[in-house]
Amino acid sequence: MALSILTRFSTSTPPPFSSALIFNHFSKTRIIFTIATKKRTQTQSFRTMATSQAQDNKTTAPYGSWKSPITADVVSGASKRLGGTAVDSHGNLYWLESRPSEAGRAVLVKEAEKPGDEPIDITPKDFAVRTVAQEYGGGAFRISGDTVIFSNYKDQRLYKQLISSKDHGGPVVSYADGVFDSRFDRFITVMEDRRESNTNAITTIAAVPLNGGDIKEPKVLVSGNDFYAFPRLDPKGEKIAWIEWSHPNMPWDKSELWVGYISENGDVYKRVCVAGFDPNIVESPTEPKWSPTDRKNGFWNLHKWVESKNEVLPLYSLNAEFARPLWVFGMNSYEFIKSELEKTLIACSYRQNGRSYLGILDDAQGSLSPLNIPFTDIDNITSWNACLYIEGASAVFPSSVAKVTLDDNKVNVVDFKIVWSSSPDCLKYESYFSLPEIIEFPTEVPGQNAYAYYYPPSNPLYQATQEEKPPLLLKSHGGPTSETRGMLNLSIQYWTSRGWAFVDVNYGGSTGYGREYRERLLRQWGIVDVDDCCSCAKFLVEKGKADKERLCITGGSAGGYTTLAALAFRDTFKAGASLYGVADLGLLRAETHKFESRYLDNLVGSEKNYFERSPINFVDKFSCPIILFQGLEDKVVPPDQARKIYKALKEKGLPVALVEYEGEQHGFRKAENIIFTLEQQMVFFARLVGHFDVADPITPIKIDNFD
């Protein structure tokens, strides 16, 4: 019988240890401490001793004024983004990387032919592999055999490319998250069609023929709902699974898993709803796969569907997240692998208490065995024969791809090798790195705590006086249904190596801690996130880790909204930086794209809340300096938001500055803009709050009502 693997989620509260995941159940868990972790601990201890011995040789200077080799140029050079990995029929690894040095162009790259050679760019120079489906994209390419199908950014067409040629064709719409259908020689993909409406695109699952000849309109296989994701064929091409959901839900709120049967002419002629149909259970299945989610415990866990009984069974129950919220297409949190004895196993990643783990799930034995690797943050998994390609990071590894070779039984790691790094030269700055401390702090709600990563100031050449407390920059992550992670990020080290303390907050509503934690933000956006950020800053002040008079806040997108709301409705922070942030919730609802057009229904609630939580309506409550950064092609948070708040604050007489970038969308991809944004935040805070001179030669922009 065929098994469909999915990741599932629900709100029901079960008794302890109730089942909730994919294959059958687990009976034992084995914890293995990694060699790499032990080595890093020894390195840290040695480094601490060396630092202590060299303490007297340090230069004493005010926090924030320290000189650091981690410049904005270095940060920009380390800002390559990873867009997914794949393996071709010959076992060659490919990855998608976006390059700030090429204005954010995304290029598909093939691993080097032999050691010592350079990786090979596969994407022609006039192309960029990126889809704008649901604006956030993801799942922009798929490889089968020697063929690549990809979405080209400029025209959003699908292109078919042999490894050594450039054959292409396709209609003018956006495509994402596709799979090859060898039975009918076609490519099945999520299709987002804006030809009738740019603001309310028609989303379907469609088939694009690959047999050459005239370009034809894709054949729609599944339609009628607002959104679709993860179309996945069974090995024979006779059945297809997919996820769908409708307004006003987001995919992590409530979604459905369907299986369709494919007829001899390639149509879907019968459907079965596998999960999400029960009105008494609020669940959000995700990432379906076929073999040869969290249903009971409030966490995304793995489940299987038994077709003959139309029954969904848990594989393993654990209070951990085996999936992530569906912001982008193409996520791959687990893979099927085979042992030497032809036993089918599942390589999976899961997240628990602020840390990621890689494990092998044995359905037959009901066991989950953690694997021994140094990554503490894991995204996607790609498998090939005896190895796994893991997209991950840690406090000392930047975003990377590692080749993890397993033994014959697939239960132990025999080799771990980095094959791609967003910043291959970053370890030369290791002595400057500030390692994150996971902190848990009390919130405004009695008995409820929230979490954050705290990075203390760190520089081997400088120290401050014992009496001085460091300035603090608090970051509020975007989403807001998302999560910040404790991985090496040179943009954070840019601050800490200059003498700033930095804290990255997972406020109530963040993912990674289960549905109950995530739903703290339902109808409370602008309240819980703001309170938690303020509580975190106050907690660090009380612990002597930050200067109360030099607390600053920054954030992008939803984090920019939290930044503006904190500055308008609280008096904790002394200055702020909003990157493409929301100032007017009503305007956001009216102007944003289809995917998030009903997102605020559950986050904000009533019309009264829309008004009372919009910082633009309470300019009189702002009392401190603000700097704003905005991309002029942003369709998620249109430029009017930044311009509106800038104009109001300028008229009020507050120090304010607005920086607008041509050619940038939601998030900055060009090297020069990444550099400028970082440097101008630093000098803005130094001039208006820090009371120190920065060591870098930065020319500040004009600040209205200050210069």
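- Per an unreviewed UniProt entry, the protein carries the name Peptidase S9 prolyl oligopeptidase catalytic domain-containing protein and comes from Corchorus olitorius.

Section: the confidence of the model for the protein
Here is step 1 of the chain: Put simply, the protein has an average pLDDT of 85, and 89% of its residues get 70 or more.
Here is step 2 of the chain: The least confident element of the protein is strand β2 (residues 28-29), whose mean pLDDT is 24; the most confident is helix α5 (residues 528-542), at 98.
Here is step 3 of the chain: In the predicted structure, residues 1-53 sits below a pLDDT of 50 and forms 200 contacts with residues beyond four places in sequence or in another chain.
Here is step 4 of the chain: The low-confidence segment residues 165-171, where pLDDT is below 50, has 19 contacts with residues more than four positions distant or belonging to other chains.

What to know about the pairing of strand β35 (residues 551-556)
Here is step 1 of the chain: By the criterion of burial, β35 is predominantly enclosed, with six of the six residues buried.
Here is step 2 of the chain: Here β35 shows two buried faces, one formed by L551, I553 and G555 and the other by C552, T554 and G556.
Here is step 3 of the chain: Note: strand β33 (residues 472-476) against β35, five bridges, orientation parallel. Following the sheet pairing, S476 is matched in β35 by G555.

Things to note about the pattern of salt bridges
Proximity of charged atoms lets side chains of opposite charge pair with each other.
Here is step 1 of the chain: Following the criterion strictly, the structure yields 32 salt bridges and no others.
Here is step 2 of the chain: Salt-bridge contacts for D379 lead to R324; the nearest nitrogen and oxygen are separated by 3.7 Å. Of this pair, D379 sits in strand β26 (residues 377-384) while R324 sits in the loop between β21 (311-314) and β22 (334-338), and the two are 55 residues apart along the sequence.
Here is step 3 of the chain: The closest approach of N and O atoms between R550 and D547, which form a salt bridge, is 3.0 Å.

A few points about the packing of aromatic side chains
Here is step 1 of the chain: Using the criterion set out here, one finds 36 aromatic pairs in the structure.
Here is step 2 of the chain: For the pair W245 and F595, a centre-to-centre distance of 6.4 Å together with 75 degrees between the ring planes defines the contact as edge-to-face. F595 shares its class with W245; the two are buried.
Here is step 3 of the chain: Both rings, one in F397 and one in F416, keep their centres 6.4 Å apart while their planes meet at 65 degrees; by these two values the pair is edge-to-face.

A short note on α5
Here is step 1 of the chain: For α5, spanning 15 residues, the distance from its first C-alpha to its last is 21 Å, which sits close to the expected 21 Å at 1.5 Å a residue.
Here is step 2 of the chain: Here α5 lies mainly inside the structure; 12 of its 15 residues are buried.
Here is step 3 of the chain: Every buried residue belonging to α5 is among V528, D529, V530, D531, D532, C533, C534, S535, C536, A537, F539 and L540, and all of these are buried.
Here is step 4 of the chain: The elements touched by buried residues of α5 are β30 (437-442), β31 (449-455), β33, β34 (501-506), β35 and α6 (558-569).
Here is step 5 of the chain: Among the residues trailing α5, G544 stands out with phi positive, at a value near 75 degrees.

Observations concerning the sheet that holds strand β9 (residues 147-151)
Here is step 1 of the chain: Pairing is antiparallel in the open sheet, where three strands are placed in the order β8-β9-β10. Whereas interior strands pair on both sides, the edge strands pair on one side only; in this sheet they are β8 (141-144) and β10 (158-162). Neighbouring strand axes in the sheet, compared pairwise and without regard to direction, differ in orientation by 15 degrees on average.
Here is step 2 of the chain: Across four bridges, the pairing between β8 and β9 is antiparallel. Directly across from F141, in β9, lies its bridge partner F150.

Re the packing of α5 against α6
For any two helices packed against each other, one specifies the inter-axial angle together with the distance between the axes.
Here is step 1 of the chain: Between α5 and α6, the least distance of the axes is 9 Å, while the angle of their chain directions is 70 degrees. One way to sum up the angle between α5 and α6 is to call them roughly perpendicular. On α6, the residues touching D529, V530 and C533 of α5 are Y561, T562, A565 and A566.

Here we look at unusual backbone geometry
Here is step 1 of the chain: Following H247, the chain continues into P248 via a peptide bond in cis, with omega recorded as 5 degrees.
Here is step 2 of the chain: When you line up the elements, P248 lands in the loop between β16 (239-245) and β17 (256-262).
Here is step 3 of the chain: With omega at 5 degrees, the peptide bond leading from G479 into P480 counts as cis.
Here is step 4 of the chain: Mapped onto the elements, P480 comes out in the loop between β33 and α3 (490-496).
Here is step 5 of the chain: The phi angle at K410 is positive, at roughly 60 degrees, despite the residue not being glycine.
Here is step 6 of the chain: The topology assignment puts K410 in the loop between β28 (400-406) and β29 (413-421).
Here is step 7 of the chain: Overall, the relative accessible area of 6% leaves K410 in the buried class.

Thoughts on the state of the cysteines
Here is step 1 of the chain: A full pass over the atoms with the stated rule returns zero disulfides.
Here is step 2 of the chain: This cysteine, C552, is not joined by any disulfide, and C624 carries the nearest cysteine sulfur, 8.5 Å off.
Here is step 3 of the chain: Its relative accessible area of 0% is what places C552 among the buried residues.
Here is step 4 of the chain: For C624, a relative accessible area of 6% translates into the label buried.

The rules we used
Residues numbered from 1 in each chain as written. Predicted model: local features only at pLDDT ≥ 70, side-chain atom pairs only at ≥ 80, totals over all residues. Heavy atoms only, no water. pLDDT = per-residue confidence, 0-100. Helix = DSSP H or I, 4+ residues; strand = E, 2+ residues; numbered from the N terminus. Contact = heavy atoms within 4.5 Å. Buried < 20%, exposed > 50% of the residue type's maximum accessible area, 1.4 Å probe, protein only. Pairing = 2+ DSSP bridges. Salt bridge = Lys/Arg side-chain N within 4 Å of Asp/Glu carboxyl O. Phe/Tyr/Trp six-rings, centres within 6.5 Å; stacked < 30°, edge-to-face > 60°. Expected span 1.5 Å × (residues − 1). Axes fitted to C-alpha atoms, helices over the stretch in contact; angles between N-to-C directions. Parallel < 35°, antiparallel > 145°, perpendicular 65-115°, else oblique. Disulfide = S-S within 2.5 Å.

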